Amino acid sequence: MDISGTITPEKTKDSIDKLRMRNVFLLSIAFGIDFFGTNAFMNFAVPILGNLGSICMSIVCFVNVFSNFLVPSVISWFGSPEKSLLWCIAWYMIYVGHFCFIWTPLQYVVCTIHGFCSAITFASQGVILGNNSTDENRGKNSGIFISIYMFGSALGSFAAGYFVKIFNVTHDYHDGWNGGNSLFFLFLGIAAGLATIPIAFIRHYDPNENESQKNLLEAELTPSDPEAAMSTAPTAPVEGQSSVWKILEDMKKVLLCALSPRMALLLCMLFYLGYQQVFMMSMFTRQILDLKTVGPLMGLYSIVDVVFSFIWGWLSDRYGHVTVVTAGVVAGVVGMVVSWFANAEQNWLIYATGVIMAISDAGLQTECLSTVNQYFSHDRTNANSVFRMMQSLGFAVS
């Protein structure tokens, strides 16, 4: 297993670039596999489970919001974002699969745990993607990531639509085993669990660590400058400092990051991204009268997301963030208006809503990942915690 591997100072720039790209593709493939099962489940959870599905999704979102304050401490405890991602994403198989047996207290407990694990999962993903990108390719890499994982989501949506027919999935459910509905959730859970395989082969790389090692080496070679040597030396842990105090310090750093002027300018965009995603995955799909339409709709949504993620990533690197954010917001507003008519008519406007909202989602997701990792390159763990916290708050409010 390569997850514990590190980069030595002797690595050439060319080999490091290749490793970074390899990590980006492995990360993207892993989330594509995970979203094959998880996103398909989220698309069908509320239409199939009704109020229980809504409550469970709300529990996940609210727990996720507050769990993001603990993300830096948890990642530090695991030792690297790669390790924390491996263990937390493995939980997704249990989360999705456990809906095969309905017992409300069990659902509430598992969803509470999943809210915590999902916070660690997505913050770790953001850190890894940021560490393996540069200012020259950050938009492109964000587009690649979103495109590949949304392609997995598209396949999952189409497959789920097919298995809805095979398993004869219905709106009806009761406590215990639910026949075809239970088999449907088991299938999606097992699919999500396969994401651990590519994650296990992601190599750890952190440009900030390498820079610190380089500065420390240079300081050691120039002993005539003791102040430089002291500034680059690693900070020794404070004796007697309790783990609780360290957790509180980490939570304080997350809060200060959220209140920083630059992050404050991004908060509304991060919140809207979450609101729009849940609007499409649960609020809008719940209004669709024909359950068999949900799979093709979300499959089309994911495919459009794949195509436009590449386009928005290229445009972001070429014309800047403002252009893509503006286009994404405008598309989102238009999509909301079209969805109102689609809900009333129950016709082709349902698919038109999916296309327009996917265009918006691709632009905003690309920009959120790109801007957070670019403007907080030396504080990615805390910045990605704030990113996912605001996105989850948008989930919860919607």
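Thresholds, definitions, all that
- Residues numbered from 1 in each chain as written.
- Predicted model: local features only at pLDDT ≥ 70, side-chain atom pairs only at ≥ 80, totals over all residues.
- Heavy atoms only, no water.
- Helix = DSSP H or I, 4+ residues; strand = E, 2+ residues; numbered from the N terminus.
- Buried < 20%, exposed > 50% of the residue type's maximum accessible area, 1.4 Å probe, protein only.
- Contact = heavy atoms within 4.5 Å.
- Salt bridge = Lys/Arg side-chain N within 4 Å of Asp/Glu carboxyl O.
- Expected span 1.5 Å × (residues − 1).
- Bend = angle between axes of the 7 residues up to and from the residue.
- Patch = residues over 30% accessible without salt bridge, like charges linked within 9 Å, V, L, I, M, F, W, Y side chains within 5 Å.
- Areas by Shrake-Rupley, 256 points an atom, 1.4 Å probe, with all protein chains shown as cover.
- Phe/Tyr/Trp six-rings, centres within 6.5 Å; stacked < 30°, edge-to-face > 60°.
- Lys NZ or Arg CZ within 6 Å of the ring centre and 35° of its normal.
- pLDDT = per-residue confidence, 0-100.
- Core = buried A, V, L, I, M, F, W, Y, C linked by side-chain atoms within 4.5 Å.

## Details of the overall build of the chain
In terms of regular secondary structure, the chain is built from 17 helices and 2 strands. Considering the chain as a whole, with its 398 residues, one finds that 54% of them fall into the buried category. Across the chain, every contact between residues at least 6 apart in sequence was considered, and the portion connecting residues at least 24 apart equals 83%.

## Remarks on the pattern of salt bridges
Where charged atoms from two side chains of opposite charge approach closely, those side chains can pair. The final tally for this structure, using the stated rule, is 2 salt bridges. A salt bridge links arginine 138 to aspartate 135; the shortest N-O distance between them is 3.1 Å. Among the residues examined, arginine 138 registers a relative accessible area of 4% and is labelled buried. Lysine 246 is paired through a salt bridge with aspartate 250; the nearest N and O atoms lie 3.1 Å apart. With lysine 246 and aspartate 250 both in helix H11 (residues 243-259), this residue pair falls 4 residues apart, about one helical turn.

## Here's the deal with unusual backbone geometry
Despite not being glycine, asparagine 168 has its phi angle at roughly 55°, a positive value. Along the chain, the position of asparagine 168 falls in the loop between helix H6 (138-166) and strand E2 (176-177). By relative accessible area, which is 57% here, asparagine 168 ends up exposed.

## Things to note about helix H17 (residues 380-397)
End to end, H17 covers 25 Å across 18 residues, agreeing with the expected 26 Å (1.5 Å per residue, within 8%). Along H17, 15 of the 18 residues are buried, which leaves the element largely enclosed by surrounding structure.

## So, the side chain of serine 80
Within the fold, serine 80 resides in the loop between helix H3 (71-78) and helix H4 (81-97). Among all residues touching serine 80, those that are not within four sequence positions of it are Ile75 and His204.

## Here we look at helix H14 (residues 294-319)
The end-to-end C-alpha distance of H14 is 35 Å, a good match for the 38 Å that 26 residues give at a rise of 1.5 Å each. By the largest-angle criterion, phenylalanine 308 marks the main kink of H14, which is about 25°. Looking one or two places after H14, you find glycine 320, whose phi comes out positive at around 100°.

## A closer look at a nonpolar patch on the surface
Where nonpolar side chains cluster on the molecular surface, the patch consists of Phe101, Trp103, Trp177, Leu183 and Leu186 and spans about 500 Å² of accessible area. Checked against the element boundaries, leucine 186 lands in helix H7 (residues 180-193). The class of leucine 186 is partly exposed, set by a relative accessible area of 32%.

## Digging into the packing of aromatic side chains
By the definition in use, this model includes 22 aromatic pairs. Aromatic side chains phenylalanine 41 and phenylalanine 99 sit 4.9 Å apart centroid to centroid with 40° between the ring planes, which places their arrangement in the tilted category. You can see phenylalanine 41 sitting in helix H1 (residues 13-49) and its partner phenylalanine 99 sitting in the loop between H4 and strand E1 (101-102), a full 58 residues away along the chain. Between tryptophan 77 and phenylalanine 78 the ring centres are 5.0 Å apart and the planes differ by 75°, which places this aromatic pair in the edge-to-face class. When its relative accessible area of 68% is taken as the criterion, tryptophan 77 is described as exposed. Here a set of aromatic residues connected by ring pairs shows up, and it is made of Phe41, Phe44, Tyr95, Phe99, Phe184 and Phe185. Across the ring face of phenylalanine 387, the terminal group of arginine 388 is positioned such that the distance to the ring centre comes to 4.1 Å.

## Quick notes on the environment of valine 338
In this structure, valine 338 sits in helix H15 (residues 321-345). Along the primary structure valine 338 and methionine 357 are separated by 19 residues, whereas in three dimensions their C-alpha atoms are 9.7 Å apart. Setting aside residues no more than four positions away along its own chain, valine 338 makes contact with Leu349, Ala352, Thr353 and Ile356.

## Here's the deal with the environment of phenylalanine 387
If you trace the backbone, phenylalanine 387 turns up in helix H17. The exposure class of phenylalanine 387 is buried, given its relative accessible area of 1%. Those residues in contact with phenylalanine 387 that lie beyond four places of it in its chain are Leu270, Leu273, Cys368, Leu369 and Val372.

## Description of the confidence of the model for the chain
Looking at the chain as a whole, its pLDDT mean stands at 84, while 88% of the residues score no less than 70. For the chain, the element scoring lowest by mean pLDDT is helix H10 (residues 226-232), at 40; helix H8 (residues 196-199) scores highest, at 96. Note on residues 216-237: pLDDT under 50 across the span, and 7 contacts to partners over four residues away in sequence or across chains.

## Topic: the nonpolar core
Of all hydrophobic cores here, the largest spans 103 residues; its most connected members are Phe31, Phe41, Tyr95, Phe99 and Phe184. If one sorts the elements of this core by residue count, H1 sits on top with 14 residues. The residues touching phenylalanine 31, leaving out its near neighbours within four places in the chain, are Leu85, Ile89, Thr121, Phe122, Gln125, Phe145 and Tyr149.

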